[in-house]
Amino acid sequence: MTDPDDGPDRDARPSASVAITAGAALFNEGRFRAARDVWDAEGRPSADVDRDGTPERLLRGLAATAAATHRASDGDGPGAAERADDAVAALEDVSDPRGVALGPVRGWAERLASAPGDADAAAAPRVRIDDETPDFDVLSLAATGLAVPALARAGEPGDPAALARAADFAREERGTGRTEFAELLFAYLRTPDARPQVAARLGDHVEREARKRRDVDGLF
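Keep in mind that this is a model prediction, so the values were computed, not measured.

(A) Focus on the overall build of the chain. Helices and strands together make up the secondary structure of the chain, namely nine helices and zero strands. Listing every helix and strand of the chain by position from the N terminus yields α-α-α-α-α-α-α-α-α. A total of 220 residues make up the chain; the buried ones form 45% of that total. In the chain, of all internal contacts separated by at least 6 residues, the share reaching a separation of at least 24 is 65%.

(B) Looking closely at the packing of helix α1 (residues 16–28) against helix α6 (residues 141–153). Close contact between α1 and α6 brings their axes to 8 Å; oriented N to C, the two are set at 50°. In this view, α1 runs oblique relative to α6, as classed from their interaxial angle. When the axes of α1 and α6 are compared, the crossing they make is right-handed. Where α1 approaches α6, its residues Val-18, Ala-19, Ala-22 and Leu-26 are matched on the opposing element by Ala-142, Ala-143, Leu-146, Ala-147, Ala-150 and Leu-151.

(C) Quick look at unusual backbone geometry. The backbone of Asp-130 sits at a positive phi, close to 50°, despite the residue not being glycine. The phi angle at Asp-131 is positive, at roughly 65°, despite the residue not being glycine. Examined against the element boundaries, Asp-131 turns out to sit in the loop between α5 (102–114) and α6. With relative accessibility at 68%, the residue Asp-131 sits in the exposed group.

(D) Here's a closer look at the nonpolar core. Judged by nonpolar contacts, the single largest core of 62 residues is most densely connected at Leu-26, Phe-27, Trp-39, Leu-185, Tyr-188 and Leu-202. Setting aside residues no more than four positions away along its own chain, Leu-185 makes contact with Leu-141, Thr-144, Val-148, Leu-163, Ala-166, Ala-167, Ala-170 and Leu-202.

(E) Looking closely at the packing of α6 against helix α8 (residues 180–190). Relative to each other, α6 and α8 sit at 55°, their axes nearing to 9 Å. With respect to α8, the axis of α6 lies oblique. Of the two possible hands of crossing, α6 and α8 adopt the one that is left-handed. Note on element contacts: α8 touches α6 through Ala-182, Leu-185, Phe-186, Tyr-188 and Leu-189, opposite Leu-141, Thr-144, Ala-147, Val-148, Leu-151 and Ala-152. The class makeup of the residues in the contact of α6 with α8 is ten nonpolar, one polar and no charged.

(F) Expanded view of α6. Compared with the 18 Å implied by 1.5 Å per residue over 13 residues, the 19 Å span of α6 between its first and last C-alpha is a close match. With twelve of its 13 residues buried, α6 lies for the most part within the structure. Gly-155 sits one or two positions beyond α6 and adopts a positive phi of about 115°.

Here is what the cut-offs are and how they apply
- For every chain, the first residue of its written sequence is number 1, and the numbers climb from 1 along that sequence.
- Since the coordinates come from a predicted model, pLDDT governs what is reported: local features require at least 70, and pairs of side-chain atoms require 80 or more to be given and counted, while whole-chain, interface and lining totals use all residues.
- No hydrogens and no water enter the side-chain calculation; it runs on all heavy atoms of the structure.
- By definition, any uninterrupted DSSP run of H or I lasting at least four residues is a helix, any uninterrupted run of E lasting at least two residues is a strand, and each is numbered from the N terminus.
- Burial classes follow relative accessibility: with a 1.4 Å probe on protein chains only, a residue under 20% of its type's maximum area counts as buried, one over 50% as exposed, and anything between as partly exposed.
- Contacts between residues were defined by any pair of non-hydrogen atoms, one from each residue, lying within 4.5 Å.
- The axes used here are C-alpha line fits, helices contributing only the stretch in contact, and every angle between their N-to-C directions lies in the interval 0 to 180 degrees.
- Reported orientations rely on four angle classes, namely roughly parallel under 35 degrees, roughly antiparallel over 145, roughly perpendicular from 65 to 115, and oblique for the rest.
- Helix crossings get a hand from a simple test, with the near helix turned counterclockwise from the far one by less than a right angle marking a left-handed crossing and a clockwise turn marking a right-handed one.
- The definition of a nonpolar core used throughout is a set of buried Ala, Val, Leu, Ile, Met, Phe, Trp, Tyr and Cys residues joined through side-chain atoms within 4.5 Å.
- Nonpolar residues are Ala, Val, Leu, Ile, Met, Phe, Trp, Tyr, Cys and Pro. Charged residues are Asp, Glu, Lys and Arg, and all others, Gly as well, are polar.
- Given the number of residues in a helix, its expected span is that number minus one, multiplied by 1.5 Å.

Here you go:
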């Protein structure tokens, strides 16, 4: 599975394909609310969506599937069924799934739509992309930069805005020989027990970097 944002000349904005992979890893790790957040196309730049609308429709269907699964896990059967209906409708006419194996995802959404009370969220299928199953251990820096703030917005330790800024700084580090922000972002994602400490360190580093940049700007 090739991450298109691993090349050196990519725009700073993560692409729709990166969002698909990041959301898949979150979904596969059982973090359905965070997966919904990453897959939600509402707040994504229009440049991340192809002109034929396929990625937007795919992302919308995946986001609705994650939202339905999250609601089912919370015991909200009617809410799960409503979002699952949205997922089924969105995924029905996706012509280019971007490597995502949509059959199991559609089947799961249909199950949630028809009998949400009988669907155990633990039985949700793992999302496969290009015959691989993304998880936290294989995500690229670009995908990690989306997944980490989403986890914080879903209740994990850390300030989401600071973590998103850390992801920006990590992208800027590429090619400079510095890896401080990248290493901490990977540590946040891959070592759940250490997230409070890693989030605090990231927050400190973001504040220090932002202060340094303000001081430099003040010289001119």
